[in-house]
Amino acid sequence: MLKALGFGGSSQPKHSASTQSLTALDEPYASSDRLADAEASAERDRKRAVKENHHSGRLPPGTEFALCYAEAQLMSAVVGLLSESVAETLKSFYKLRTAYKTLEGIHTTMSALELELNYGDTETSASSQHSTHSTSNESFATPTESLSGSAGSETKSNRSSIEGITLKESSRKASRTPLSRISTTASRVARDELEMFTASGCSLCFGLLLLLLGMVPPSLGRVMSIVGFRGDRKRGISLLWEAAKADNVHGAIAVLVILQYYGNAVQFCDIVAADNEDGGYPKERCHKVLARIRRKYPHSALWKIEEARMEAVDGRLENAVEMLSRPIKSEMRQVEALILFEKSLNSMFLHRYQDVADGFLKLTTLNKWSHGLYHYFAAGCYVELYRQVKETDAEKAEAYAIKAEELILKVPTFMGKKRFMAQGLPLEIFADRKVKKWQARATATGVRLVDAVGVSPMEEMIYMWNGYKRMDPDNTTGSLKAIEYGQDGENQGVDEQAIRWLLESVTYLPTAHYEMAVALWKEHGPGEDYGEIKQWLMKASSWGVYELDTRVGMKIQTALDTINNAAPSSS
């Protein structure tokens with residue numbers, strides 16, 4: 001029971017974090033007490049199992065409880081990072097490190113056991129990569145006393161021939177099985193379920209940590225490696241695919257993380273391997289795993305979001321918006337917010353400004369996260385609507401201008417209300433700086449605020465979300481028209497002209513440090529100019545601190561990983 005309480009307390013918030021990747025946890029402090037209870041429960045049971053030398057099948061005493069403890073710590077760390085307290089942020093990093101070392105030890109122990117787990121007949125296992133449990137050559141210290149003892153008394157030679165049997169199979173055979181064997185079979189089924197739970201949970205959590213740590217900007221990555229955090233994107237995603245085979249909560253979350261990674265993080269980047277190649281977007285495999293999970297959870301809104309995102313990734317933005325516009329029932333307000341956020345982004349790429357403005361303003365009623373950014377999005381949309389009719393419909397133009405100015409002035413009022421790692425949100429800081437620049441320009445030139453806005457703020461946001469990668473020629477033409485607005489105006493400074501040139505070059509295909517590397521990659525592809533591409537990337541990575549260094553840094557790190565993996569070994 002205590003184990004169930006520990007796991008229940010940690011798995012519920014884990015679902016929340018997965019389903020709120022952009023809306024975040026609305027009530028972090030309400031979750032922290034529950035997570036503290038989960039940590040305490042799991043740790044008590046782990047210590048008891050070690051003290052009593054209680055073996056759960058072939059696992060060392062307390063291994064499953066150590067996993068529950070690490071899961072609770074991970075979610076507790078996430079909640080702490082969302083707080084406004086520096087002290088809570090520091091505690092969160094300590095918990096992340098503790099969980100990291102615990103999971104590292106569990107993974108090493110289970111690799112040594114070489115358990116042959118039967119995940120069943122799924123598309124994932126049929127096309128799976130090799131098991132990471134048997135490929136790791138690294139030597140890790142065992143972090144807890146629960147993992148330092150015997151690896152279990154049962155060896156490969158005496159393993160059950162019915163390993164991996166399901167409860168349904170055992171019930172069908174019960175009528176012709178002697179009673180003495182029924183209890184033995186039930187015991188082995190329970191053992192297999194527990195081993196599956198522990199193995200899949202370790203692969204999920206450790207894989208996720210390795211993946212995320214492998215994606216941090218280069219500057220932060222160097223600092224984190226000093227304190228013992230070392231990411232490995234390739235190994236992390238391999239562990240997640242391993243966890244995705246499991247027919248349990250860990251498997252479902254692993255699938256969600258994989259689809260989020262390839263549908264979001266990878267799509268933000270330009271220098272990546274080709275689809276279905278090592279290191280690239282495994283399109284066929286993602287489609288297969290989504291089809292499997294959709295059959296199991298046909299009414300889940302989460303998988304419908306991922307289905308729509310795959311349409312957008314393939315450039316079918318209209319289809320994606322249509323799918324996200326269908327009525328979808330969900331008991332979670334956060335899922336509704338995710339659907340609306342995804343729909344609004346795709347509508348932005350289609351230049352449907354009124355829909356985008358309405359969507360982001362509605363988001364302020366669905367969650368408490370980043371209202372400054374939501375108002376900035378909506379304000380930018382009304383600026384674009386104003387510009388479209390300024391010369392043709394004075395009445396509409398005035399209405400749009402009033403709305404745009406009202407929303408622009410609201411953006412600074414939300415600054416500092418939401419923080420991550422005890423710091424302001426990067427995109428909100430960016431939006432606040434832009435608003436201050438527009439206000440200063442309006443005062444200096446004597447024009448109204450809406451006319452002091454520089455290069456299309458919506459095209460800047462499209463660039464931040466790499467929307468040009470998903471656009472068809474008609475929408476690309478629409479972007480160019482929006483970027484070119486006001487290019488001959490007297491109020492445009494050197495910085496606005498630089499932004500315009502950058503966005504135009506990205507729309508056509510790119511220049512600037514990172515974009516120069518992208519241009520070389522697009523022109524020559526893998527196999528040539530690795531050295532020159534890497535030089536441009538290294539220049540971009542060492543630029544220093546700026547508002548969007550986290551977002552751009554992820555692109556740079558992905559590109560460096562791609563180049564380092566693809567370049568000849570002699571280089």
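Report follows, based on the coordinates.

Moving on: the packing of helix H13 (residues 317–325) against helix H14 (residues 333–349). At a minimum axis distance of 9 Å, the contact between H13 and H14 shows a crossing angle of 150°. Our classification of the angle between H13 and H14 gives roughly antiparallel. The way H13 lies across H14 gives a crossing that is left-handed. Two secondary-structure elements touch here, H13 through Leu317, Ala320, Val321, Leu324 and Ser325 and H14 through Ile339, Glu342, Lys343, Asn346, Ser347 and Phe349. Here the contact of H13 with H14 is composed, by residue class, of six nonpolar, three polar and two charged.

Moving on: the environment of Asn346. Turning to its location among the elements, Asn346 is positioned in helix H14. On the basis of relative accessibility, which here comes to 0%, the residue Asn346 falls in the buried class. Through-space distance from the C-alpha of Asn346 to that of Ala320 is 7.4 Å; in sequence the pair is 26 residues apart. Once residues lying within four places of it in the same chain are set aside, the contact partners of Asn346 are Ala312, Leu317, Ala320, Val321, Leu324 and Arg470.

The biggest cluster of nonpolar side chains holds 132 residues, and the ones touching the most others in it are Tyr262, Met348 and Trp465. For Met348, the residues in contact, after removing those within four places along its chain, are Val356, Phe377, Met458, Met461 and Ile462. By size, the runner-up hydrophobic cluster in this structure holds 15 residues, among which are Val518, Tyr530, Ala559 and Leu560.

This part covers the pattern of salt bridges. The full count for this structure, using the stated rule, is 22 salt bridges. In this structure, Lys95 and Glu39 form a salt bridge, with 3.1 Å as the shortest nitrogen-oxygen distance. Here Lys95, found in helix H4 (residues 86–113), pairs with Glu39, found in helix H2 (residues 28–51); they are 56 residues apart in sequence, far enough to count as distant. Exposure remark for Glu39: the relative accessible area of 9% places this residue in the buried category.

If you check the backbone angles, His351 has positive phi at about 60° while not being a glycine. Within the secondary structure, His351 sits in the loop between H14 and helix H15 (353–366). Non-glycine residue Asn466 carries a positive phi angle of around 55°. With respect to the element layout, Asn466 can be found in the loop between helix H20 (457–464) and helix H21 (473–484).

Attention now moves to the packing of aromatic side chains. Evaluation of the coordinates by the stated rule reveals ten aromatic pairs. With 5.7 Å between their ring centres and 70° between their planes, Tyr100 and Phe206 make a pair best called edge-to-face. In this pair, Tyr100 sits in helix H4 while Phe206 sits in helix H7 (residues 179–213), placing the two residues 106 residues apart along the sequence. There is no split in this pair, since Tyr100 and Phe206 are both buried. Put simply, the rings of Phe341, Phe360, Tyr374, Phe377 and Trp465 touch in pairs and so form one group of aromatic residues. Here the basic side chain of Arg285 rests over the ring of Trp241, its NZ or CZ set 3.8 Å away from the ring centre.

Here is what the cut-offs are and how they apply
- Residues numbered from 1 in each chain as written.
- Predicted model: local features only at pLDDT ≥ 70, side-chain atom pairs only at ≥ 80, totals over all residues.
- Heavy atoms only, no water.
- Axes fitted to C-alpha atoms, helices over the stretch in contact; angles between N-to-C directions.
- Helix = DSSP H or I, 4+ residues; strand = E, 2+ residues; numbered from the N terminus.
- Parallel < 35°, antiparallel > 145°, perpendicular 65-115°, else oblique.
- Left-handed = near helix turned anticlockwise from the far one by under 90°.
- Contact = heavy atoms within 4.5 Å.
- Nonpolar A, V, L, I, M, F, W, Y, C, P; charged D, E, K, R; others polar.
- Buried < 20%, exposed > 50% of the residue type's maximum accessible area, 1.4 Å probe, protein only.
- Core = buried A, V, L, I, M, F, W, Y, C linked by side-chain atoms within 4.5 Å.
- Salt bridge = Lys/Arg side-chain N within 4 Å of Asp/Glu carboxyl O.
- Phe/Tyr/Trp six-rings, centres within 6.5 Å; stacked < 30°, edge-to-face > 60°.
- Lys NZ or Arg CZ within 6 Å of the ring centre and 35° of its normal.

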